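Structural features, examined
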Amino acid sequence: MPQDPLKERHEHGILKFPEGFLWGAATSAYQVEGNNTNADWEEFKSAGKACDQYNLYEQDFKLAKQLNHNAHRLSIEWSRIEPKEGEFNQAEIGHYVKELKLLKSLNMTVMLTLWHFTLPKWVADKGGWENRKTPFYFERFVKKIVPEISDYVDLWITLNEPGVYVYESYIERVWPGAKKSWFGQIKTFLNLVSAHKRVYKYLHSQFSAGPLRSKASKPVGIANNILSFESFHKHSLREQIAVWANDLFVNHLFYILTKNTHDFLGINYYFHVRFKDSKLMPQPKDITGQIHDISDLGWEIYPEGIFEVLTDLADDIPIYITECGIASTNDDRRNRFLISYLQEVARAIKSGVNVRGFFYWSLIDNFEWHLGFDPKFGLIEVDYETEKRHIKPSALVYTDIIQNNGIPHALLRFIGHTVQAEEVLEKRQKEIEKELSSVKR
Ligand code: BGC
């Protein structure tokens, strides 16, 4: 039977990503591992056994592989490795070596975060990042762990979101060490700047002239929380100034203070913020009166924002989207989120931005800091009673995109025409499930 030429065009259209693009998901140790009893968060708001990934990592990494991820971002827990000052726990180092080795044996590119928000209690007791010695403590820990794991790491992230850490601890005051102190806030930020620079220099010295010089040099960067800002009235000078100043402080300041110590930019994108008469708007409403959709955490769904931040930050070094995700108990919204945000990433790439990878936050539902276990960011659901994993349909939509190294037209149609949505998705999911069930775990 002759095929309908229009249909043919639709089915074969794929919005392609560049060759070798990294596709994966991100996690952090404290949020997933469980029983991190030497961390500062334990006494503040404990994650308890969390997702028990410390024991179940093999299953989780194999699930990621089964979902076709070719990269994974994870962190190591400083408080496990150095539970007391200067005392390093070799068994825990061995544990991380096993984890990382497994990822490499699964042929995954490994992006490793050296610090993702938690501190050993002994560091917190000495004043945490406010203490001018903490960058030195951190560097000492890094110098101990790097020679042991460097064979299994492809990309290094020194720090995760320094600005968010300062904001949650000193402005919102909902994280350990919370206090109101302008001076403390500035010291913390500057010590994080110093920690990044020290570790960047150390890693580079090791791979260029030091003991690791025979090994391939691995790029070093940070994962920074980048917001898209918008003025409510397009021509209001006050609002434009608010946008400019916030963009400078929130998105650019850390990079300015650490100039020339980034081999790539790691962008965590979650927020779109609107200013009206230089105040933050409580509602995601635009000038036409349209109220935009929000996630379960009230964060605005604004795909164009990721295009804006990517084009704004584009430089001559590669960019990785080190985190981007939605908290939602409605998985259909995660499907839409993935497709529409990735469509904007593809648009940025087409406009010349050198984006090399995307890490969805998060592989599994996990401990969302002071908000506990209610927010559901995962591609995989976790039953916190039994620790059983359950793959959500959105994980399969992501797999579909990964397998095509692009967004199939059928999925793009899904965000445009809701009538076809369920039908299209159901069909794609069945196809992917069938393919996956033939892959051995
Ligand atoms: C952090 C994660 C967090 C996620 C969602 C990022 O700011 O790196 O630890 O869970 O956002 O809030």
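Our structure's up above, just so we're on the same page.
Below: a short report on this structure. Only a predicted model underlies this, so the values are computations on that prediction, with no experimental measurement involved.

How each quantity is defined
- Residues numbered from 1 in each chain as written.
- Predicted model: local features only at pLDDT ≥ 70, side-chain atom pairs only at ≥ 80, totals over all residues.
- Heavy atoms only, no water.
- Helix = DSSP H or I, 4+ residues; strand = E, 2+ residues; numbered from the N terminus.
- Buried < 20%, exposed > 50% of the residue type's maximum accessible area, 1.4 Å probe, protein only.
- Contact = heavy atoms within 4.5 Å.
- Areas by Shrake-Rupley, 256 points an atom, 1.4 Å probe, with all protein chains shown as cover.
- Lys, Arg positive; Asp, Glu negative; His and termini not counted.
- Charge placed at Lys NZ, Arg CZ, Asp CG, Glu CD.
- Phe/Tyr/Trp six-rings, centres within 6.5 Å; stacked < 30°, edge-to-face > 60°.
- Lys NZ or Arg CZ within 6 Å of the ring centre and 35° of its normal.
- Near = heavy atom within 4 Å.
- Polar contact = N/O pair within 3.5 Å; in protein donor to acceptor, adjacent residues only side chain to side chain.
- Nonpolar A, V, L, I, M, F, W, Y, C, P; charged D, E, K, R; others polar.
- Axes fitted to C-alpha atoms, helices over the stretch in contact; angles between N-to-C directions.
- Parallel < 35°, antiparallel > 145°, perpendicular 65-115°, else oblique.
- Left-handed = near helix turned anticlockwise from the far one by under 90°.
- Salt bridge = Lys/Arg side-chain N within 4 Å of Asp/Glu carboxyl O.
- Core = buried A, V, L, I, M, F, W, Y, C linked by side-chain atoms within 4.5 Å.
- Disulfide = S-S within 2.5 Å.
- Pairing = 2+ DSSP bridges.

1. Looking at the overall build of the protein
Scanning the protein for helices and strands turns up 16 helices and 13 strands. With the C-alpha coordinates aligned to their principal axes, the bounding extent of the protein is approximately 75 × 60 × 45 Å. A burial count over the protein gives 57% of its 441 residues as buried. Taking the intrachain contacts of the protein between residues at least 6 apart in sequence as the baseline, contacts between residues at least 24 apart amount to 76%. Accessible surface, the protein as shown: approximately 19500 Å² in total, 52% of it carbon and sulfur. Across the protein, the 54 positively charged side chains and the 58 negatively charged ones have centroids separated by 4 Å.

2. Comments concerning the packing of aromatic side chains
Scanning all chains against the criterion turns up 40 aromatic pairs. On the basis of an interplanar angle of 55° and a centroid distance of 6.2 Å, the ring pair of Y270 and F271 is categorised as tilted. Look at Y270 and you get buried, because its relative accessible area is 9%. Judged by relative accessible area, which is 24%, F271 ranks as partly exposed. One cation-aromatic arrangement involves R80 over Y54; the distance from NZ or CZ to the ring centre is 3.9 Å. In this structure, K276 is placed above the aromatic ring of F232, and the distance from its NZ or CZ to the ring centre is 4.6 Å.

3. Some thoughts on the site of the ligand
Around the ligand, the neighbouring residues are Q31, H116, F117, N160, E161, Y270, W299, E323, W361, E368, W369 and F377. Here an oxygen atom of the ligand and a side-chain polar atom of W361 are 3.4 Å apart. Separating an oxygen atom of the ligand from a side-chain N or O atom of W369 is a distance of 2.9 Å. Here the ligand, which alone exposes 310 Å², has 94% of that area covered by the protein. Here the shell around the ligand is composed, by residue class, of 6 nonpolar, 3 polar and 3 charged.

4. Notes on the environment of K65
With respect to the helices and strands, K65 occurs in helix α4 (residues 53-66). Residue class for K65 comes out partly exposed when judged on its relative accessible area of 32%. For the pair K65 and V153, spaced 88 residues apart in the sequence, the C-alpha separation amounts to 17 Å. In contact with K65, other than residues within four places in its own chain, are L106, N107 and M108.

5. Notes on the packing of helix α12 (residues 304-313) against helix α13 (residues 331-350)
Between α12 and α13, the least distance of the axes is 8 Å, while the angle of their chain directions is 30°. What the angle tells us is that α12 and α13 run roughly parallel. Judged by the sense of rotation from one axis to the other, the crossing of α12 with α13 is right-handed. Here E304, I306, F307 and L310 of α12 come into contact with α13, specifically with Y341, E344, V345, R347 and A348.

6. Side note on α12
Of all the residues in α12, the buried ones are G305, I306, F307, V309, L310 and L313. If you follow the buried residues of α12, they end up packed against β6 (220-231), α11 (237-257), β7 (265-276), β9 (319-324), α13 and β10 (355-361).

7. Let's talk about the environment of P408
For P408, the location among the structural elements is in strand β13 (residues 406-408). Look at P408 and you get buried, because its relative accessible area is 5%. In this structure the C-alpha to C-alpha distance between P408 and N35, which are 373 residues apart in sequence, comes to 41 Å.

8. Looking at the pattern of salt bridges
Pairs may arise between side chains of opposite charge once their charged atoms sit close together. Going through the model one piece at a time under the given rule, you end up with 24 salt bridges. The partner of E43 in a salt bridge is K121, with the nearest N and O atoms 3.3 Å apart. Residue E43 is found in helix α3 (residues 41-44), and its partner K121 is found in helix α7 (residues 121-125); the two are separated by 78 residues along the sequence. The closest approach of N and O atoms between E230 and K234, which form a salt bridge, is 3.0 Å. By relative accessible area, K234 is classed as partly exposed at 45%. Connected via shared salt-bridge partners are K49, D60, E387 and R389.

9. Overview of the nonpolar core
A general feature of soluble globular proteins is that nonpolar side chains tend to end up buried together. Formed by 114 residues in total, the largest nonpolar core has its most connected members in W115, F138, W156, L310, L342 and F358. Core analysis: the next-biggest nonpolar cluster, separate from the first, contains 14 residues, A26, A327, W361 and F377 among them.

10. What about the state of the cysteines?
Taken as a whole, this structure holds 0 disulfides when the rule is applied. Looking at C51, it has no disulfide partner, and the nearest cysteine sulfur is the one in C324, 20 Å off.

11. A word on the pairing of β7
The buried fraction of β7 is high, at 10 of 12 residues. Looking at chain direction, β7 and β9 are connected through 4 bridges and run parallel. Within β9, the position partnered with L265 by the bridge is I319. Once β7 ends, the chain turns through 2 residues before running back antiparallel as strand β8 (residues 279-280), passing D277 with a positive phi of about 50°.

12. What about the side chain of S231?
For S231, the location among the structural elements is in strand β6. Looking at S231, the relative accessible area reads 6%, which means it is buried. Separated by 3.3 Å, the side chain of S231 and the backbone oxygen of H233 make a polar contact. Of note is the side chain of S231, whose polar atom sits 3.4 Å from the side chain of Q240.

13. As for unusual backbone geometry
Following W361, the chain continues into S362 via a peptide bond in cis, with omega recorded as 10°. Mapping S362 onto the fold places it in the loop between β10 and β11 (380-382). The phi dihedral of E387 falls on the positive side, at around 65°, and the residue is not glycine. Checked against the element boundaries, E387 lands in the loop between β11 and β12 (389-391). Although it is not a glycine, N405 adopts a positive phi angle of roughly 45°.

So far we have only geometry, and geometry alone does not tell us how the molecule works.
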